[in-house]
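Single-letter residue listing:
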Amino acid sequence: METTLSAPVIFFAAIFTNNILLANFLGMCSFLAISRELKSAVGLGLAVTFVMTCTTAINFLVYHHLLVPFGLVHFRYIVFIIVIAAFVQLVEMVIDRYSPALYVVLGVFLPLITVNCAILGVCLFMIIRHYNFIQSVAYGFGGGLGWLLAITALAGIREKIRKAPIPKALEGPGISLIVAGLMALSFMAFSGMIQIG
Amino acid sequence: MAADTAKSLFRKGVWGENPVFRQILGICSALAVTNLMTNTFIMGVSLIFVTAMSNATVSALRRITPGRIRMMVQVLIIASYVMIVDIVLKAYLPEISEALGPYVGLIITNCIIMGRCEGYARNNPVWLSFLDGIASGTGYALVLLVIAFVRELLGFGTVFGHPVMPSWWVPWTIMVMAPAGFFMLGLFIWVAYQFEKPEEKKAPR
């Protein structure tokens, strides 16, 4: 059941029509928690994009060349989460050692990423949808960019909303969710272009 | 904290410290699976199981777990229980397992479980941790069921798959799609915060 979509199609679909956040609801926790300021939102988005692209590639290889041949596919959750955690740890150490400037921008967000469900979600989607290697990497990269786009947009809107008179009880998470809903609604306009999964 | 009784734990888990609308945890799956009540119910039961069992396990191992690697240990414990849930669902409820797709696996990264392990089970005895897990899981499941009830009722005109709306009812397709999930949870939080006591007010947005 190989999917026949080409990698660029999957890439664009992952950003717009099947946005990992607005259509699949993945990575919501950090999406709501870190979207107060535009700057940190962009930093987290970049870190997520990077880690997502790389872990999709690693997990693809691990799944198809280690777990499948040895009949261990049920262990994929444990293996995937370990790969993600180990990779994040490694990246953190490398950045800390070689690029303190980048560490200041991205470093604080890296530990958060391990528990970002978007990363694990992308890895699981790639297995469920039977992507090949190129498609998986395209999906991981596109998914990351889509997430970056969504969190940047929300952070921008939330910075403006701070001045708006909204009901007391709706402040904070409530209004953010409604804004996210409106964003999801507008992203649905793309859905005529391509559809995956 | 030591004086926690079963009753106080449940009161906290279901309302006072409800994971979904008080702490805004674990909402990824709260939105993704809530367009059908049956799926939501299975998801809720799975989550209660995983939270309770991993809370109990983390608590049982709390004296011998080195502090520095405890996060890793917790994730592994959670992942093991999620694996059990996944295999059981595949064996006995294949079509629901198909519909839930990756969201069963994503219970691992559901912050509720991690939050309870880290915030409660690490410092409390096994039995209370187990109850705390059930309480938090129940709080989560109840919120999800309420949201799923509205979405399924308006979106498909059914409840648990049984048609309940009159024949002239035109389903609101938008309710079963992504945006309505955000709207429903946003409205739910609004209503829930309306009942909140003023001194519990969170930091400004």
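Here the structure is a predicted model, which means the values were calculated and not measured.

Student: Hey, could you run me through unusual backbone geometry in this one?
Tutor: With glycine set apart, most residues show a phi of negative sign, and most peptide bonds adopt trans. Residues and elements named next belong to chain A. Positioned with a positive phi, Phe25 is a non-glycine residue whose angle comes to about 60°. With respect to the helices, strands and loops of the structure, Phe25 is situated in the loop between helix H1 (7–15) and helix H2 (28–33). A residue is classified by how much of its surface remains accessible, and Phe25, at 4% relative accessible area, is buried. A positive phi angle, close to 55°, is found at His130, a residue other than glycine. Along the chain, the position of His130 falls in the loop between helix H7 (117–128) and helix H8 (133–161).

Student: I tried to follow the pattern of salt bridges on my own but got confused; where do I start?
Tutor: Between side chains of opposite charge, pairing is possible as soon as their charged atoms come close. Residue and element names in this part refer to chain B. Summed over the entire model, instances satisfying the criterion amount to four salt bridges over all chains. Residue Asp132 is joined to Arg116 by a salt bridge in which the shortest nitrogen-to-oxygen separation is 2.9 Å. Here Asp132 is found in helix H7 (residues 126–156), whereas its partner Arg116 is found in helix H6 (residues 111–119), with 16 residues between them in sequence. Neither Asp132 nor Arg116 differs from the other in exposure class; each is buried. Across the pair Glu118 and Arg122 runs a salt bridge, and its minimum N-O distance is 3.5 Å. Where salt bridges share partners, they join Arg70, Glu118 and Arg122 into one cluster.

Student: Would you take a moment to explain the packing of aromatic side chains for this structure?
Tutor: Given two aromatic rings, their pairing is described by the distance between the two centres and the angle made by the two planes. A full pass over the atoms with the stated rule returns nine aromatic pairs over all chains. Consider the rings of A:Phe11 and A:Phe141, whose centres lie 5.5 Å apart with planes at 20°: the pair is stacked. Of this pair, A:Phe11 sits in helix H1 while A:Phe141 sits in helix H8; the two residues are 130 residues apart in sequence, bridging distant segments of the chain. You can call A:Phe141 partly exposed: its relative accessible area is 36%. When the centroid spacing of 5.9 Å and the interplanar angle of 20° are considered together, the rings of B:Trp127 and B:Phe130 count as stacked. Of this pair, B:Trp127 and B:Phe130 both sit in helix H7, separated by three residues, roughly a single helical turn. Exposure remark for B:Trp127: the relative accessible area of 58% places this residue in the exposed category. Relative accessible area serves as the criterion here: at 23%, B:Phe130 is assigned to the partly exposed category. The ring of A:Tyr98 is capped by A:Arg97, whose NZ or CZ atom sits 5.1 Å from the centre of that ring. Its guanidinium or amino end placed over the ring of A:Phe125, A:Arg129 lies 4.4 Å from that ring's centre, counting from NZ or CZ.

Student: Is there a simple way to think about the interface of chain A and chain B in this case?
Tutor: Often, the extent of an interface is quoted as the loss of accessible area upon association of its parts. Every contact between the two is made by 48 residues of chain A and, on the other side, 40 residues of chain B. Across the chain A/chain B interface, buried area totals approximately 3800 Å², and carbon plus sulfur atoms make up 80% of it. Three residues, A:Phe25, A:Tyr77 and A:Ala169, lead the burial of chain A against chain B; their summed loss comes to 19% of the area buried on that side. Taken together, the connections running from chain A to chain B amount to zero salt bridges. At the junction of chain A and chain B, the tally comes to two residue pairs in polar contact (both at pLDDT 80 or more). Elements supplying a minimum of two residues to the side of chain A that touches chain B: H2, helix H4 (76–98), H7, H8 and helix H9 (173–187) of chain A. Looking at side-chain class alone, the side of chain A that touches chain B contains 34 nonpolar, eight polar and six charged residues.

Definitions and cut-offs
Residues numbered from 1 in each chain as written. Chains lettered and ligands numbered in written order. Predicted model: local features only at pLDDT ≥ 70, side-chain atom pairs only at ≥ 80, totals over all residues. Heavy atoms only, no water. Helix = DSSP H or I, 4+ residues; strand = E, 2+ residues; numbered from the N terminus. Buried < 20%, exposed > 50% of the residue type's maximum accessible area, 1.4 Å probe, protein only. Salt bridge = Lys/Arg side-chain N within 4 Å of Asp/Glu carboxyl O. Phe/Tyr/Trp six-rings, centres within 6.5 Å; stacked < 30°, edge-to-face > 60°. Lys NZ or Arg CZ within 6 Å of the ring centre and 35° of its normal. Contact = heavy atoms within 4.5 Å. Buried area = accessible area lost by both parts, 1.4 Å probe. Polar contact = N/O pair within 3.5 Å; in protein donor to acceptor, adjacent residues only side chain to side chain. Nonpolar A, V, L, I, M, F, W, Y, C, P; charged D, E, K, R; others polar.

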